[in-house]
Amino acid sequence: MIKNQVLESWIKECATLCQPDSIVWIDGSEQQRDALRAEACATGEILQLNPDKLPGCYYHRTAKNDVARTEHLTYICTTDKDEAGPTNNWMPPKEAYQKAAEIFKGSMRGRTMYVIPFSLGPVGSVFSKIGVELTDSIYVVLNMLIMVRCGNEVLEVLGESGDFTRCLHSKADLDEKRRLILHFPEDNTIWSVGSGYGGNVLLSKKCMALRIGSAMARKEGWLAEHMLILGVEAPSGRIEYVAAAFPSACGKTNLAMLVPPEGLTRKGYRIWTVGDDIAWMRIDTDGKLWGINPEAGFFGVAPGTNTKTNPNAMATVRRNTIFTNVLLRDNKTVWWEGMDGDPPESGIDWKGDHWTPDMLDEKKKPLPGAHPNARFTAPFTQCPSASFRWEHHHGVPISAVVFGGRRARLAPLVYQSYSWQHGVFVGATMASERTAAQYGKLGEVRRDPMAMLPFCGYNTADYFQHWLLMGQRMKKPPKIFHVNWFRQDEEGEYLWPGYGENLRVLEWVLDRCRGEADAVATPIGYVPTPDSLDLTGLELPPKIIEELLRVDRQQWLAETDSVREFFDQFGDHLPHALVDELDSLKRRLVTG
Ligand code: GTP
Ligand code: SPV
Ligand code: MN
């Protein structure tokens, strides 16, 4: 085995700090995976599900206080506070290392430290980056084995002198007061302690692919984004790719795995899933933007997933899947709110308590059996719509970039920006209602630029500038759009049916990229004419369509005030181009 001295001495250093009883290298073999599963089953860390109904599937429950990313305990640790910017929590590196070391100290006594070498992106591709995660959790190891390419082949590419992101994780005692998720972009290092939940501990995901990744991307001139990538195959056989950024739990996995509604299937449309959460994109020699999905698995939201909303996800999670914080049925299968069929008569809920569907919580609302942020971890290749270009080392060419949020009011179903610069403004000012994917007040509207608010590893204003520069460097930049599947009526009912029907909007988006669909120029951008959307087979009254596409000047003017406030916090860092865009928007809204 090739020895990387820097890796060896870093592992030694971490072992001295955490004091594990032993160190085990993850080689990526089935044999080792089986042994780890058996061990975790023996300790109760995971439970094997019904092997007839859910072969290769396992069940895990996190601690009750540890069920979503903890953004308030997540820090960007740079020497200069300005580098982290006003939207990130910041700690000076020295203080951060010291604070976390106190918690890491001896935290692995009586435990094994697993060494997981992994590659984000196909092993050896120009896009790819290597990381090594050290963890004391078998649950983390088993998830990482699904989520990223792990093991010896990665060490071979790393070689004797290759660089890698140093990811240290310990559950420690899972105490919220002793939990920290720390990023050190200057040292290419991540330290996470005190949690056992997904995005806090699968360090390849949000921590490396986005926070450290975005900082690398700025330096190296590419983009690391919280985006799905999908291919739309048109009746002619032509496939065009769309990258879309929606905040957590706002529909990326669903859109990425979309099944065309009947009307459009008949037309001959087909969807190819390239990625559902993260996109790394570069400008290729043709002057266009190309993207890959750096991951190898899905860590998807379970509640709401069923054979109608997302049949591809349901097919994906039938085997070799880890279910976290869902309801455990008496027959050792799983259930969650919004799954097909009736709720089971009884089961064990995500907290580990006996559950029946008639139980109520303190507010007299039905007591959920699964946590709203319950997740499945499943291999990418099991998805029936998995793109045949998924592992292509050049990735796929991106025709359109789509931003979207969850907004009951204001944002129409879809609109197109006037230019790349305007599109960056649209992304920079997007907002969404808070979901269960992070701690905080549910439903509160917050600005979430490019769906990266919790994931940008440096000053968000500098990130806007980076986006502007990327556009200037491209010969043929993708067109930029904004969508909102979540517009509601006065009763709180969704106006748009969503899910598969969203393809109707993608069709318009791609037609626009080719200059083949009609639109009206409004103050906020191009909005479809009602006839330019193919709504065949959808029984939506014209009044609803009108409402979905309506741009309310007064509401948008109020929005510009809130955007100005949002921009103000960035001071000198904010690119002038975005202030110009805000002024132009206001002018268009006032003068029509
Ligand atoms: P993360 O994994 O947290 O990044 O989430 P995500 O963006 O991948 O969201 P996901 O696709 O898992 O969807 C989250 C929730 O939104 C689920 O409960 C879905 O059922 C719901 N959802 C997704 N698409 C639509 C849609 O078009 N309309 C409506 N009304 N709900 C949707
Ligand atoms: C998200 O919250 O955007 C997720 C889940 O994709 S987590 O991995 O927890 O970040
Ligand atoms: Mn996500």
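Residues numbered from 1 in each chain as written. Chains lettered and ligands numbered in written order. Predicted model: local features only at pLDDT ≥ 70, side-chain atom pairs only at ≥ 80, totals over all residues. Heavy atoms only, no water.

Below, the discussion takes up the site of ligand 1. In the region of ligand 1, 22 residues are neighbours, and Ala249, Lys252, Asn254, Arg375 and Tyr499 sit closest. Separating an oxygen atom of ligand 1 from a backbone N or O atom of alanine 249 is a distance of 2.7 Å. Asparagine 502 is positioned with one of its side-chain polar atoms (N or O) 3.0 Å from an oxygen atom of ligand 1. Across the complex, the protein chains shield 92% of the 660 Å² of accessible surface that ligand 1 would expose by itself. Only α9 (252-256) and β18 (297-301) provide two or more residues apiece to the shell around ligand 1. A total of 3 residues in the shell around ligand 1 trace back to one element, the largest contributor, which is α9. For the shell around ligand 1, a count of residues per class yields 10 nonpolar, 8 polar and 4 charged. Shared between two domains, the shell around ligand 1 holds at least three residues of each, these being domain 2 (224-295 + 387-591) and domain 3 (298-382). (Near = heavy atom within 4 Å. Polar contact = N/O pair within 3.5 Å; in protein donor to acceptor, adjacent residues only side chain to side chain. Areas by Shrake-Rupley, 256 points an atom, 1.4 Å probe, with all protein chains shown as cover. Helix = DSSP H or I, 4+ residues; strand = E, 2+ residues; numbered from the N terminus. Nonpolar A, V, L, I, M, F, W, Y, C, P; charged D, E, K, R; others polar. Domains from an automatic or database assignment.)

What follows covers the sheet that holds strand β19 (residues 322-324). Read from one edge of the open sheet, 5 strands run β2-β3-β19-β24-β18, paired in mixed fashion. Where the open sheet ends on each side, the last strands, each with one partner, are β2 (47-48) and β18. (Pairing = 2+ DSSP bridges.)

To find leftover empty space, one rolls a probe the size of a water molecule over the atoms. Here the structure, examined in full by the defined rule, presents 5 cavities of 30 Å³ or more. Put simply, the largest cavity is a space of about 160 Å³. Considering the residues around the largest cavity, the lining is formed by 16 residues, among which Tyr415, Val426, Thr429, Trp556 and Glu559 are closest to the centre. The set of elements that each furnish at least two residues to the lining of the largest cavity consists of α12 (420-428) and α16 (553-568). (1 Å grid on protein atoms, 1.4 Å probe; cavity = no way out; pocket = protein on both sides within 12 Å on 5 of 7 lines; lining within 4 Å. Points joined across faces, edges and corners; volume = space filled by probe spheres on them.)

Here we take up the site of ligand 2. Not every one of the 12 residues close to ligand 2 is listed here, only the nearest: Arg69, Tyr197, Gly199, Lys206 and Ser248. Lysine 206 places a side-chain nitrogen or oxygen 2.5 Å from an oxygen atom of ligand 2. Considered on its own, ligand 2 offers 280 Å² of accessible surface; in the complex 98% of this is hidden by protein. When we break the shell around ligand 2 down by domain, the ones giving at least three residues each are domain 1 (5-45 + 71-221) and domain 2 (224-295 + 387-591).

Attention now moves to the side chain of histidine 226. Here histidine 226 is to be found in the loop between β12 (223-225) and β13 (228-233). Among the polar contacts made by the side chain of histidine 226, one reaches the side chain of aspartate 277 at a distance of 3.1 Å. Only 3.0 Å separates the side chain of histidine 226 from the backbone oxygen of alanine 451, close enough to count as a polar contact. Look past the residues within four positions of histidine 226 in its chain and what remains in contact with it is Lys206, Leu210, Ala244, Ala245, Phe246, Pro247, Ser248, Lys252, Asp277, Ala451, Met452 and Phe455. (Contact = heavy atoms within 4.5 Å.)

In this structure, Lys206 (NZ), His226 (NE2) and Asp277 (OD) serve as the protein donors to the manganese ion (ligand 3), at separations of 2.1 to 2.4 Å. Counting residues between consecutive donors of the manganese ion (ligand 3) along the chain gives the motif K-x19-H-x50-D. Of the two residues, lysine 206 is situated in helix α8 (residues 204-220) and aspartate 277 in the loop between β15 (270-275) and β16 (279-283); the sequence distance between them amounts to 71 residues. With relative accessibility at 7%, the residue lysine 206 sits in the buried group. (Donors = N, O, S within 2.8 Å, 3.2 Å for Na, K, Ca; no water. Buried < 20%, exposed > 50% of the residue type's maximum accessible area, 1.4 Å probe, protein only.)

Phi angles above zero are rare outside glycine, and lysine 332 is one such case at about 60°. As for its position among the elements, lysine 332 is in the loop between β20 (327-329) and β21 (334-335). Judged by its relative accessible area of 39%, lysine 332 falls in the partly exposed class. Positive phi, close to 60°, is recorded for alanine 451, a residue that is not glycine. Structurally, alanine 451 can be placed in the loop between β28 (445-447) and α13 (460-473).

The buried category is assigned to histidine 226, whose relative accessible area is 0%. Separated by 22 residues in sequence, histidine 226 and serine 248 place their C-alpha atoms 8.8 Å apart. A polar atom in the side chain of histidine 226 sits 3.5 Å from the side chain of lysine 206. Of note is the side chain of histidine 226, whose polar atom sits 3.3 Å from the side chain of lysine 252.

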